[in-house]
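Coordinates in review
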Amino acid sequence: MKVTVVGAGAVGASCAEYIAFKNFASEVVLLDIKEGYAEGKAMDLMQCASLNGFDTKITGVTNDYSKTADSDICVITSGIPRKPGMTREELIGINAGIVKDVSSNLIKNSPNAVIIVVSNPMDTMTYLVHKTSDLPKNKIIGMGGALDSARFKYRLAEALDAPISDVDGMVIGGHSDTGMVPLTSHATRNSIKVSEFLSEDRLNQVAEDTKVGGATLTKLLGTSAWYAPGAAVSGLVQAIACDQKKMFPCSTFLEGEYGLNDICIGVPVILGKNGIEKIVDVPLSEAEKAHMQASAEGVRKTNGLLDV
Ligand SMILES: NC(=O)c1ccc[n+]([C@@H]2O[C@H](COP(=O)([O-])OP(=O)(O)OC[C@H]3O[C@@H](n4cnc5c(N)ncnc54)[C@H](O)[C@@H]3O)[C@@H](O)[C@H]2O)c1
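Residues numbered from 1 in each chain as written. Predicted model: local features only at pLDDT ≥ 70, side-chain atom pairs only at ≥ 80, totals over all residues. Heavy atoms only, no water.

A short note on the sheet that holds strand β10 (residues 188-189)
So the rule is basically this: A pair of strands is considered paired only if DSSP assigns at least 2 bridges between the two. Helix numbers and strand numbers start at the N terminus; a helix is a DSSP run of H or I with at least 4 residues, a strand a run of E with at least 2.
If you trace the 3 strands from one edge of the open sheet to the other, you get β7-β10-β11, paired in antiparallel fashion. The outermost strands of the open sheet, each flanked by one partner alone, are β7 (167-168) and β11 (192-193). Where β7 meets β10, 2 bridges bridge the pair, whose relative direction is antiparallel. Across the sheet, the residue bridging to Asp168 is Thr188, located in β10.

Here it is, written out as structure tokens:
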């Protein structure tokens, strides 16, 4: 199992770290355009191996795609992150060119790989890879919903004063401050709907705090977060590498599901060795359906800025 992570910055390195710590991949290649940067991150991570007990071999390369050849899974984290006050959509001008170039180099060297897109604006970057490559749609996956759902569970646990392991919930829709659709009607505490414990107002507050989860951290950190994003990517990589058939909300190309066409947006999918093995259609409340449609409009607006 060979995994390539492009972008050895905050999210890319954190993702490589979690993949190595989970010890399911034989090899992780980190690639960055900044001279020596990926090599340095890889060496630092390899010096954790004896301390943390993993055998995954991590190497770093400066823009040399021949070293990524025959990867099973490739993760794209290259590009600029947002600064406080910015939206993810504002990154499109720089990141679209980077993602287009990086994905074409990856696919040339690993034509059978599953591609996971992380760079923002993620749904539009996933759509860009779909439109500019010949890969089947099951092999192009956008990561956003897994992170947003982790943030939703964090906020739910806080509101319920419960341990996070007691809580389950999912966020679908676009990976943006206004586009996320936290499925409050499906969220549970140990199989009991959270609406049994929380007022409608408190649940709405949980949903709003979830949607601005990334912006809240960007304001505190001065740049976007990396631990939970890296952990979320590593969960997707592990589900594919170990053929786990686990369900995650991921951005995928829709052809009629959720009443949407010709768009990549977050919906529940089953991940296994073929990438996206199934798109799961969940019944939504009327409010969630309306929110999903509005979210799709927002993603389409950003897609309209692409030159494809
Ligand atoms: N989808 C999500 O849930 C999610 C979560 C967090 C961050 N992000 C996004 O991930 C991206 C990376 O964030 P970060 O915090 O790691 O940023 P970062 O600046 O720390 O790292 C980005 C890295 O990409 C490298 N890079 C730039 N152009 C490149 C190219 N052409 N080829 C190879 N490497 C290149 C840079 O040198 C840098 O090291 C951003 O777009 C951010 O918005 C997405």
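Examining the pattern of salt bridges
A pair can form between side chains of opposite charge whenever their charged atoms are brought close. Convention followed: One side-chain nitrogen of Lys or Arg within 4 Å of one carboxyl oxygen of Asp or Glu is enough to make a salt bridge.
Evaluation of the coordinates by the stated rule reveals 14 salt bridges. For the salt bridge of Lys137 with Glu257, the shortest nitrogen-to-oxygen distance reads 4.0 Å. Of the two residues, Lys137 is situated in the loop between α5 (122-132) and β6 (140-142) and Glu257 in the loop between β12 (246-255) and β13 (261-272); the sequence distance between them amounts to 120 residues. Here Glu208 ties to Lys211 by a salt bridge, and the two come within 3.2 Å at their closest N and O atoms. Within this pair, Glu208 and its partner Lys211 are both found in helix α7 (residues 200-211), separated by 3 residues, close to a single helical turn. Several salt bridges share partner residues, and in doing so they unite Asp243, Lys245, Lys273 and Glu277 into one network.

Focus on the layout of surface pockets
Stated formally: Lining residues are those with an atom within 4 Å of a point, where the points come from a 1 Å grid over the protein atoms alone and group into cavities, where a 1.4 Å probe fits but cannot get out, or pockets, open sets with protein on both sides within 12 Å along at least five of seven lines. Grid points are joined across faces, edges and corners, and a volume is the space filled by probe spheres set on the points. Gly is put with the polar residues, along with every residue not named as nonpolar or charged; the nonpolar set is Ala, Val, Leu, Ile, Met, Phe, Trp, Tyr, Cys and Pro, and the charged set is Asp, Glu, Lys and Arg.
Counted as a void, the largest pocket has a volume near 800 Å³. Along the wall of the largest pocket there are 40 residues; nearest its centre are Thr77, Ser78, Gly79, Ile80 and Pro81. Contributions of two or more residues to the lining of the largest pocket are made by α1 (10-22), β2 (27-32), α4 (92-109), α6 (145-160) and α8 (213-221). In terms of residue count, α4 provides more of the lining of the largest pocket than any other element does, 5 residues in total. Here the residues of the lining of the largest pocket sort into 18 nonpolar, 16 polar and 6 charged.

A look at the packing of aromatic side chains
Spelled out, the test is: Put simply, two rings from Phe, Tyr or Trp (the six-membered ring, in Trp's case) pair if the centres are within 6.5 Å, and we call them stacked under 30 degrees between planes, edge-to-face over 60, tilted for the rest. To sort residues, take the accessible area from a 1.4 Å probe on protein chains only and compare it with the maximum for the residue type: under 20% means buried, over 50% means exposed, and anything in between is partly exposed. Placement of a charge over a ring requires the Lys NZ or Arg CZ to be within 6 Å of the ring centre, with the centre-to-atom vector within 35 degrees of the ring normal.
Taken as a whole, this structure holds 2 aromatic pairs when the rule is applied. Seen in terms of ring centroids, Phe21 and Phe54 are 5.6 Å apart; in terms of plane orientation they differ by 35°. Their pairing is tilted. Taken together, the positions of Phe21 in helix α1 and Phe54 in the loop between α3 (49-52) and β3 (57-62) put the pair 33 residues apart, joining distant regions of the chain. The class of Phe54 is buried, set by a relative accessible area of 4%. Here the aromatic rings of Trp226 and Tyr227 are separated by 5.6 Å at their centres, their planes lie at 50°, and the arrangement is tilted. Classification of Trp226 as partly exposed rests on a relative accessible area of 26%. Here Tyr227 falls in the exposed class, since its relative accessible area comes to 55%. For the cation-ring pair, Lys34 lies above Tyr37, with the distance from its terminal atom to the ring centre recorded as 3.9 Å.

Details of the environment of Glu255
Operational definition: Note on definitions: a residue-residue contact is assigned when non-hydrogen atoms from the two residues lie within 4.5 Å. N or O atoms within 3.5 Å of each other form a polar contact, as long as, within protein, one can give a hydrogen and the other can take it, and as long as residues adjacent in sequence are counted only when both atoms are side-chain atoms.
Tracing the backbone through its elements, the reader meets Glu255 in strand β12. Beyond its immediate stretch of four places on either side in the chain, Glu255 contacts Lys137, Leu260 and Asn261. In terms of polar contacts, Glu255 uses its side chain to reach the side chain of Lys137, at 3.0 Å.

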